[in-house]
Amino acid sequence: MSHPVTVLVVEDERAIGNLLGAILDAQKYRVLFATNGAEALSMAASHTPDIILLDLGLPDMDGMDVLIQLRKWFDLPILVVSARQKEQEKVEALDAGANDYITKPFGNQELLARIRTSLRQYARMQNSRSQLDSEFSVGDLHLSYARRQLHIGDELVHLTPIEYRIVVLLARNAGMVLTHDHILKEIWGPFASDSQLLRVNMANIRRKIEPNPADPRYILTEVGVGYRMIDTER
Ligand code: CA
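Engineer: What exactly am I supposed to notice about the domain arrangement of the protein chain here?
Structural biologist: How big an interface is tends to be stated in terms of the accessible area lost upon association of its parts. When cut into domains, the protein chain gives domain 1 (6–129) and domain 2 (133–229). Distance between the C-alpha centres of domain 1 and domain 2: 26 Å. Every contact between the two is made by 13 residues of domain 1 and, on the other side, 14 residues of domain 2. Both sides of the domain 1 and domain 2 interface together cover about 1,100 Å² of buried area, and 51% of this is carbon and sulfur. Of all residues in domain 1, Tyr101, Gln121 and Arg124 give up the largest surface area on contact with domain 2, accounting jointly for 34% of the area buried on that side. At the surface where domain 1 touches domain 2, the tally comes to one salt bridge. Close ionic contact of aspartate 100 with arginine 228 constitutes a salt bridge, the shortest N to O distance being 2.7 Å. One can count four residue pairs in polar contact (both at pLDDT 80 or more) joining domain 1 with domain 2. For the side of domain 1 that touches domain 2, the elements supplying multiple residues, two or more each, are helix 4 (87–95), strand 5 (100–104) and helix 5 (108–126). Among the residues forming the side of domain 1 that touches domain 2, the class breakdown is three nonpolar, four polar and six charged.

Engineer: Looking at this structure, how should I read the sheet that holds strand 12 (residues 226–229)?
Structural biologist: Two modes of strand pairing occur in sheets, parallel and antiparallel, and in both the strands are linked by backbone hydrogen bonds. Taken in spatial order, the three strands of this open sheet run 10-12-11, and their pairing is antiparallel. Strands with a single pairing partner mark the edges of an open sheet, and in this sheet they are strand 10 (177–179) and strand 11 (219–222). Put simply, the sheet's adjacent strands are angled 30 degrees from each other on average, direction ignored. Bridge count for strand 10 against strand 12 is three bridges, and the pairing is antiparallel.

Engineer: Would you mind going over the coordination of the calcium ion with me for this structure?
Structural biologist: Under ideal tetrahedral coordination, the four donors around a metal are separated by 109.5 degrees; under ideal octahedral coordination, the six donors are separated by 90 or 180 degrees. For the calcium ion, the full set of protein donor atoms is Asp12 (OD), Asp55 (OD) and Gly57 (O), and the range of their distances to it is 2.2 to 2.4 Å. Here the donor residues of the calcium ion are spaced in sequence according to D-x42-D-x1-G.

Engineer: Just checking my understanding: could you explain a negative patch on the surface for this structure?
Structural biologist: On the surface, a cluster of negative charge is made up of Asp62, Asp65, Glu92 and Asp95. You can see glutamate 92 is positioned in helix 4.

Engineer: Just to check I follow, could you spell out the packing of helix 6 (residues 161–172) against helix 7 (residues 180–188) for this structure?
Structural biologist: Packed helices, taken two at a time, are described by the angle between their axes plus the distance between the axes. For the pair helix 6 and helix 7, interaxial distance at closest approach is 10 Å and the crossing angle is 130 degrees. By the angle between their directions, the pair helix 6 and helix 7 is classed as oblique. The handedness of the crossing between helix 6 and helix 7 is right-handed. Together, Ile162, Arg165, Ile166, Leu169 and Leu170 of helix 6 and Ile183, Glu186, Ile187 and Trp188 of helix 7 make up the contact between the two elements. Residues of the contact of helix 6 with helix 7, tallied by class, amount to seven nonpolar, no polar and two charged.

Engineer: What exactly am I supposed to notice about the layout of surface pockets here?
Structural biologist: Using a probe with the size of a water molecule, rolled over the atoms, empty space left in the structure can be pinpointed. What the second largest pocket holds in volume is close to 180 Å³. In terms of lining, the second largest pocket is formed by Arg84, Gln85, Glu87, Lys90, Tyr101, Thr103, Glu110, Arg114, Glu222, Val223, Val225 and Arg228. Elements represented by at least two residues in the lining of the second largest pocket include exactly helix 4, strand 5 and helix 5. Counting only domains with at least three residues in the lining of the second largest pocket, you end up with domain 1 (6–129) and domain 2 (133–229).

Engineer: Would you explain the side chain of aspartate 100 in this entry?
Structural biologist: Structurally, aspartate 100 can be placed in strand 5. A distance of 2.7 Å separates a polar atom in the side chain of aspartate 100 from a polar atom in the side chain of arginine 228. Discounting chain neighbours no more than four positions away, the residues touching aspartate 100 are Ile78, Leu79, Val80, Leu94, Arg114, Ser118, Gly175, Met176, Val177 and Arg228.

Engineer: Would you mind going over the pattern of salt bridges with me for this structure?
Structural biologist: When the charged atoms of two side chains with opposite charge come close together, those side chains can pair. Within the structure shown, the criterion is met by ten salt bridges. The partner of lysine 208 in a salt bridge is glutamate 163, and the shortest N-O contact between them spans 2.6 Å. On the criterion of sequence distance, the pair formed by lysine 208 in helix 8 (residues 195–209) and glutamate 163 in helix 6 is long-range, its members being 45 residues apart. Overall, lysine 208 belongs to the partly exposed group, its relative accessible area being 28%. Connected through salt bridges with shared partners, the residues Asp100, Glu110, Arg114, Glu222 and Arg228 form a single ionic network.

Reading the values: the criteria
Numbers given for residues are sequential positions, taken from 1 along each chain in its written order. Residue-level local features of this predicted model are given only where pLDDT is at least 70; pairs of side-chain atoms are given and counted only at 80 or more, and the full residue set underlies all totals for whole chains, interfaces and linings. Based on all heavy atoms of the structure, the side-chain values leave hydrogens and waters out of the count. These domain limits were set by an automatic method or by a database of domain assignments. When checking whether two residues touch, look at their non-hydrogen atoms; a contact exists if any pair is within 4.5 Å. Buried area: the accessible surface (1.4 Å probe) lost by two parts on joining, summed over both. Salt-bridge detection follows one rule: a side-chain nitrogen of Lys or Arg within 4 Å of a carboxyl oxygen of Asp or Glu. Under the rule applied, a polar contact is a pair of N or O atoms within 3.5 Å (in protein, one hydrogen donor and one hydrogen acceptor; residues adjacent in sequence only if both atoms are side-chain atoms). Secondary structure elements follow DSSP: runs of H or I no shorter than four residues count as helices, runs of E no shorter than two count as strands, and numbering proceeds from the N terminus. Ten residue types, Ala, Val, Leu, Ile, Met, Phe, Trp, Tyr, Cys and Pro, are classed as nonpolar, four, Asp, Glu, Lys and Arg, as charged, and the remainder, Gly among them, as polar. Strands are treated as partners if at least two bridges between them are detected by DSSP. Lines fitted to the C-alpha atoms define the axes, with helices restricted to the stretch that makes contact. Angles between their N-to-C directions range from 0 to 180 degrees. Coordinating donors are taken as N, O and S atoms within 2.8 Å of the metal, stretched to 3.2 Å for Na, K and Ca; because water is absent from the atoms, sites can appear incomplete. Residues with no salt bridge and a relative accessible area higher than 30% make up the patches, which join like charges within 9 Å and nonpolar side chains (Val, Leu, Ile, Met, Phe, Trp, Tyr) within 5 Å. The protein chains shown are the only cover counted for residues, whose accessible areas, like all others here, come from Shrake-Rupley with a 1.4 Å probe. Here Asp and Glu are counted as negative and Lys and Arg as positive; His is not counted, and neither are the chain ends. Where a charge lies is defined by one atom per residue type: Lys uses NZ, Arg uses CZ, Asp uses CG and Glu uses CD. For classification purposes, angles smaller than 35 degrees are called roughly parallel, those larger than 145 roughly antiparallel, those between 65 and 115 roughly perpendicular, and all remaining angles oblique. Here a crossing is taken to be left-handed if its near helix is turned anticlockwise relative to the far helix by less than a right angle, and right-handed if that turn runs clockwise. Cavities and pockets were defined on a 1 Å grid built over protein atoms only: a cavity is a set of grid points that admits a 1.4 Å probe from which the probe cannot escape, a pocket is an open set flanked by protein on both sides within 12 Å along at least five of seven lines, and lining residues are those with an atom within 4 Å of any such point. Grid points are joined across faces, edges and corners, and a volume is the space filled by probe spheres set on the points. Only protein chains enter the accessibility calculation, which uses a 1.4 Å probe; a residue is then buried when its area is under 20% of its type maximum, exposed when over 50%, and partly exposed in between.

As structure tokens, this is what we get:
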């Protein structure tokens, strides 16, 4: 993008708003602030930001309603800023159309990485299917969509068709968290609800691709929420 990327920060706590503003400003983002839901909606309409950071605890409206309204009217990445331990809130936000979330308290690098990933993922989604990347690589993991092959280093990994589809789904959304429910429905269809199925398959995938399945480096567990394939090595 040639113009400065505009971030709309929706946050009613001044200290957190200032902190976010300082972090983003230092990276040359253009930062706009809204301190309640109504202001967020009107500023999104009048300033067409590139991405929105949305705190869900707002004084005037339920943050989830703000999210649903934003999603209804605006096609842009929305990153929810959520308190720790609120897994259910994160899942609901993702299901309501948030692209990802960050958990308070967050580190600067984590925040900036999430923003970059969301913007990149959004740009990728804007491209037509035919222009999708033909392969995905991170660390020693190499996935060729054309050959339907996954390598770890030089070694070809044998995945079942279901395992392969799970890995592809996560890789296509690398850097983003996908909820258990989202993955279940993408892989097993709209009526799937048995999360045990996903857990078993994930354990098998990790056994095949992770150097240490107990401490995964490629597919991370987001406790109570879902899974995230990393897009860059930390
Ligand atoms: Ca708040």
